[in-house]
Amino acid sequence: MPSLFEDLRWRGLVHQITDNEILPARLDAGGMVLYIGFDPTADSLHVGSLQQLVMLKRFELAGHRPIALVGGGTGMIGDPSGKTEERGLLDDDQLRANRDAVSAQIAGFLGVSGTSDGPILVDNAEWLAEARLLEFLRDVGKVFSVNEMVRKESVRARLEGREQGLSFTEFSYMLLQSWDFLQLFERYGCELQLGGSDQWGNIIEGVDLIRRLRGAAAYGLTSPLVTKSDGTKFGKTESGNVWLDPKKTSPYEFFQFWVRTTDGDVPDYLRRLTFLSRERIEELEQELKEHPERREAQRALSLELTAMVHGATEAQKAEEAAAVLFTEGITRLDPETLEAALADAPTTPIRRTAIEQGLPIVEVLVETGLASSKGNARQLLKQGSIYVNGMRVGEERSLGTDDVIHGRWIALRRGKSHQHILLLED
């Protein structure tokens, strides 16, 4: 059984640490209190936050106590790290709504229960909102060197950009995050801050602040940012972010995001984001090399992460939807799952009265582009190439109300993959 630090290294989750001599042994011994911060810049976390949520859970399983800090205070400013321009500032109502939604997601993921030894969820507005400016500048601001701060990569990159620059508001973020670390150190005995590699500058300033003001040791560990093998941003699709909130990204869409993962990205995601054993991951990696067309690794990744975020039942439903979408089993899918599964398919609206009167399938095939002409449509029917709701249709007939799934859809298909949806409208 590998130690925690060995496992983190094997999974590619160690980028920088503050103390190579002490920290690995401390991690393996258990019993540390550690934290990661999440700013509520939206009303849901997205898959870009998944690695950090999983990191907190890994540390808990290894005998440590995790703290998830929601930035109800720092969210008013926005972290400039890794950003090329300043974030838009949120009003109080939106920030509060975002904070509550993100807090609920984190609490559900980590199983926060308020017990004396379980995971902790805190909001840094608890101390930042009460901070007095002159006292903060006297006690915290005096410790920071502006010369050193401007040498940080996240700051320097923005200062060199003539158009955008860096506002004083953003410049102060490093001080606030460092103070978060100090507050957690004093309130909970927190000794370790985790984060993505773009947080390194902020983390080491917090470590230094605790040393200077309290004469105590604290530590930092960063993980590489999760990116795609082609260098594009992780968690983005053509339609935007892939969210953890099922109302923003359905469990089926979430499942399909991972199913579509390229072969080159799968091993990295399996190691970093899942709790699968090393042996199982290496089996899947070997399977991927030998039989990439089977996509077993993608399916395993999709099942694991969908179950982790949405529960085993939703993961099974999403897998079933993907499996039966082109079969007659499509009629067994619940309306929500079916709607998500059909979201990307070409769609033609049809008046409900027309279906009630009966629509000749030959005409429908031409209208939807599945056939080039009525003659071609009749030929496709004779060849057994046409399917209605996954069932082969071998002769001419009319589509009627019996063909409608959940009162809304009729799924047409030509061959193995050319699908078209009729959507009933009143």
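Residues numbered from 1 in each chain as written. Predicted model: local features only at pLDDT ≥ 70, side-chain atom pairs only at ≥ 80, totals over all residues. Heavy atoms only, no water.

The subject of this paragraph is the overall build of the chain. When its secondary structure is counted, the chain shows 20 helices and 15 strands. Relative to its 426 residues, the chain shows a buried fraction of 49%. Long-range pairs, those at least 24 residues apart, make up 73% of the contacts in the chain with a sequence separation of at least 6. Averaging the coordinates of the 49 positive side-chain charges in the chain and doing the same for the 65 negative ones gives two points 2 Å apart. (Helix = DSSP H or I, 4+ residues; strand = E, 2+ residues; numbered from the N terminus. Buried < 20%, exposed > 50% of the residue type's maximum accessible area, 1.4 Å probe, protein only. Contact = heavy atoms within 4.5 Å. Lys, Arg positive; Asp, Glu negative; His and termini not counted. Charge placed at Lys NZ, Arg CZ, Asp CG, Glu CD.)

So, on to unusual backbone geometry. Phi is positive for R295, close to 55°, though the residue is something other than glycine. Summarising the element assignment, R295 is placed in the loop between α14 (278-290) and α15 (296-310). The phi torsion at H406 lies on the positive side, around 55°, for a residue other than glycine. Taking the relative accessible area as the measure of exposure, H406 reaches 37% and is therefore partly exposed.

The next point concerns α14. Relative to the 18 Å expected for 13 residues at 1.5 Å per residue, α14 spans 18 Å between its end C-alpha atoms, a close match to the ideal helical length. When α14 is considered as a whole, its buried residues turn out to be I281, L284, E285, E287 and L288. One side of α14 holds all its buried residues, which, seen down the axis, span an arc of 160°. Of the exposed residues in α14, the ones pointing more than 90 degrees away from its buried face are E279 and K289. Those residues of α14 hidden inside the fold are in contact with α1 (4-10), α13 (266-273) and α15. (Expected span 1.5 Å × (residues − 1). Arc of directions from axis to C-beta.)

Time to look at the nonpolar core. One finds L27, F59, I106, L192, L221 and W258 to be the most contacted residues of the largest nonpolar core, which totals 50 residues. Here the element with the most residues in this core is helix α3 (residues 50-61); it accounts for 6 residues. With residues near it in sequence (within four places) discarded, L221 still touches F5, L13, Q16, I17, L23, L27, M55, L192, Q193, L194, G195 and I203. Counting 31 residues, the second-largest nonpolar core is a separate cluster that includes W127, L176, F181 and V207. (Core = buried A, V, L, I, M, F, W, Y, C linked by side-chain atoms within 4.5 Å.)

Bringing the pairing of strand β9 (residues 347-351) into the picture now. Residues T348 and I350 point to one face of β9 and are all buried, whereas T347, P349 and R351, pointing to the other face, are not buried. For β9 and strand β15 (residues 418-425), the ladder comprises 5 bridges, and the chain directions are parallel. Across the sheet, the residue bridging to T347 is I421, located in β15. (Pairing = 2+ DSSP bridges.)

Moving on to the packing of α13 against α15. For the pair α13 and α15, interaxial distance at closest approach is 10 Å and the crossing angle is 30°. Considering the angle they form, α13 stands roughly parallel to α15. Between α13 and α15 the crossing geometry is left-handed. In this structure, α13 contributes V266, Y269, L270 and L273 to the contact, and α15 contributes A297, Q298, L301, L305 and M308. (Axes fitted to C-alpha atoms, helices over the stretch in contact; angles between N-to-C directions. Parallel < 35°, antiparallel > 145°, perpendicular 65-115°, else oblique. Left-handed = near helix turned anticlockwise from the far one by under 90°.)

These results come straight from atomic positions and should not be treated as a statement about function.
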